[in-house]
Amino acid sequence: MRTTLRIRRAALVFTAVGALALTGCGDDSGGKDKAGDGSGKGKESPSSVTLPKLNGEKISVAAVWTGPEQANFTKVLDEFEKRTGATVTFVPAQDPIVNFLGTKIAGGQPPDVAMIPQVGAVQQAVAKKWAKPVGAEAKAQLSKNYAKVWQDLGAVDGTQYGVYFKAANKSLIWYNTKAFENAGASEPKSWKDFLATAETVSASGVTPVSVGGADGWTLTDWFENVYLSQAGPEKYDRLAKHEIKWTDPSVKAALTTLAELFGKPDLITGGADGALQTEFPASVTQTFTGGDQPKGAMVFEGDFVSINIAQTKAKVGTDAKVFPFPAVGADSPVVTGGDAAVALKDSKGAQALLTWLASTDAARIWAEAGGFISPNKGLDAAAYPNEVQRKMAEALIAAGDDVRFDMSDQAPQSFGGTPGKGEWKILQDFLKNPKDIAGTQAKLESDAAKAYKS
């Protein structure tokens with residue numbers, strides 16, 4: 001049974017901190033931590049986890065992370081090597097990761113551990129008998145450090161298979177402060193205000209919204225946030241499980257709302273054609289380069305956007321600020337995602353790595369590096385490098401079990417997680433032709449019906 005998440009209390013916390021928490025920090029090292037030096041690194045604490053000695057053992061870890069994400073994850077693996085004596089190799093994977101892993105397994109070279117970014121993909125790995133159950137030591141770390149919902153997300157039929165190491169708040173709009181100031185624009189609260197703000201920015205001579213449409217997953221996130229806010233959590237749950245069809249009136253309403261933006265090419269950098277040629281990283285960097293004349297004034301996506309902002313000269317909290325995804329219905333939506341570590345070999349090294357990734361020590365390393373939110377409730381928020389990251393992480397933890405997960409990541413991978421197919425491709429086509437709402441619904445339902453039956 002697929003578990004769904006949405007952050008309700010987090011939305012309240014996030015909205016409450018609003019301008020102060022999200023825009024009041026200085027540069028990337030802004031905000032004082034508990035050590036009092038503003039470094040983002042709290043006082044050194046004793047090790048939170050006991051690991052076995054693995055001298056001479058070789059462990060491979062597959063993940064789709066590239067660039068700064070890969071580099072930061074490598075720091076986590078380096079510390080594991082120091083503590084255990086093992087040698088860990090990072091194996092670059094491609095989407096869809098289940099296909100990648102299938103090829104490796106068929107060739108007799110499965111990685112020891114895979115970082116799997118979709119709930120549906122974890123379930124597929126279990127169904128194919130690739131995944132190995134989590135051992136007692138890792139379970140103990142999960143029990144100590146994780147809310148039940150995050151443990152349940154990594155379980156299939158009551159057996160624990162996954163350790164969720166990295167989470168994401170995927171309901172944020174980041175904006176270029178200079179472009180906003182020049183336009184006289186302010187942070188919108190509602191979808192109606194968001195569209196009005198976009199028009200205001202456009203009138204100032206800057207295209208308002210940068211969309212990374214070349215990566216279909218960004219478009220699923222646009223849809224999910226609109227749908228969750230407009231249709232509500234109960235319908236969200238039912239659509240995620242395909243208990244209602246994609247031809248449902250609630251889907252029509254969400255696509256109609258989304259078309260209010262997608263149907264105005266002047267509001268999107270490069271229009272639909274330009275957006276469909278823009279990959280996610282470029283959608284961010286083009287928003288925060290060019291000073292007060294960027295190619296786009298706003299970009300939608302999760303907390304991990306800060307990683308790409310760091311590749312520009314812009315500083316989070318001054319040049320780059322953020323507001324919650326605008327409310328389409330009564331409340332702003334908050335959707336979360338995450339990456340689970342799953343053992344594909346039943347070895348001492350693989351189990352030790354799962355134990356490490358479930359620990360507070362491992363989470364702290366990436367948290368200090370930035371561009372990361374941990375579902376680990378034992379992690380001191382002082383580890384995060386700035387107030388923006390800190391408040392988003394605190395909101396996630398404050399939500400406890402009252403959360404919902406990215407809808408497309410819960411779906412069978414052939415529908416919700418494959419480039420050029422299913423939801424990714426259909427929403428790319430919708431971006432190009434947002435008038436075809438009925439046709440889009442019919443295609444979504446056809447592909448979903450096939451995927452959920454298989």
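Everything here concerns the structure above.
Residues numbered from 1 in each chain as written. Predicted model: local features only at pLDDT ≥ 70, side-chain atom pairs only at ≥ 80, totals over all residues. Heavy atoms only, no water.

Draft legend 1. How the structure looks around the sheet that holds strand β8 (residues 209-210). Pairing is mixed across the open sheet formed by four strands, whose spatial order is β8-β9-β7-β10. Each having just a single partner strand, β8 and β10 (320-324) make up the two edges of the open sheet. Taken together, the three bridges between strand β7 (residues 172-176) and strand β9 (residues 298-300) define a ladder with antiparallel strand orientation. In the strand pairing of β9, Trp 174 is matched with Val 299. (Pairing = 2+ DSSP bridges. Helix = DSSP H or I, 4+ residues; strand = E, 2+ residues; numbered from the N terminus.)

Draft legend 2. Region of interest: the sheet that holds strand β6 (residues 162-169). Spatially, five strands are ordered β2-β1-β3-β11-β6 in an open sheet, and the strand pairing comes out mixed. The sheet terminates laterally at β2 (87-92) and β6, the two strands that pair on one side only. Averaged over all pairs of adjacent strands, the angle between strand axes in this sheet comes to 20°, irrespective of strand direction. As judged from the four bridges shared by strand β3 (residues 113-116) and strand β11 (residues 336-343), these two strands associate in the antiparallel manner. Bridge assignment links Met 115 to a residue of β11, and that residue is Ala 341. Across the sheet, helix α3 (residues 97-106) lies against β1 (58-63), β2 and β3, angled at about 165° from β3, the strand it touches most. (Axes fitted to C-alpha atoms, helices over the stretch in contact; angles between N-to-C directions. Contact = heavy atoms within 4.5 Å.)

Draft legend 3. The packing of helix α20 (residues 422-432) against helix α21 (residues 437-453), seen in detail. α21 packs onto α20 with a crossing angle of 175° between their chain directions and a minimal axis gap of 10 Å. Taken as axis vectors, α20 and α21 run roughly antiparallel relative to one another. Counted together, Gly 422, Glu 423, Ile 426 and Phe 430 of α20 and Ile 437, Thr 440, Lys 443, Leu 444 and Asp 447 of α21 form the full contact between these two elements. Across the contact of α20 with α21, the residue classes break down as four nonpolar, two polar and three charged. (Parallel < 35°, antiparallel > 145°, perpendicular 65-115°, else oblique. Nonpolar A, V, L, I, M, F, W, Y, C, P; charged D, E, K, R; others polar.)

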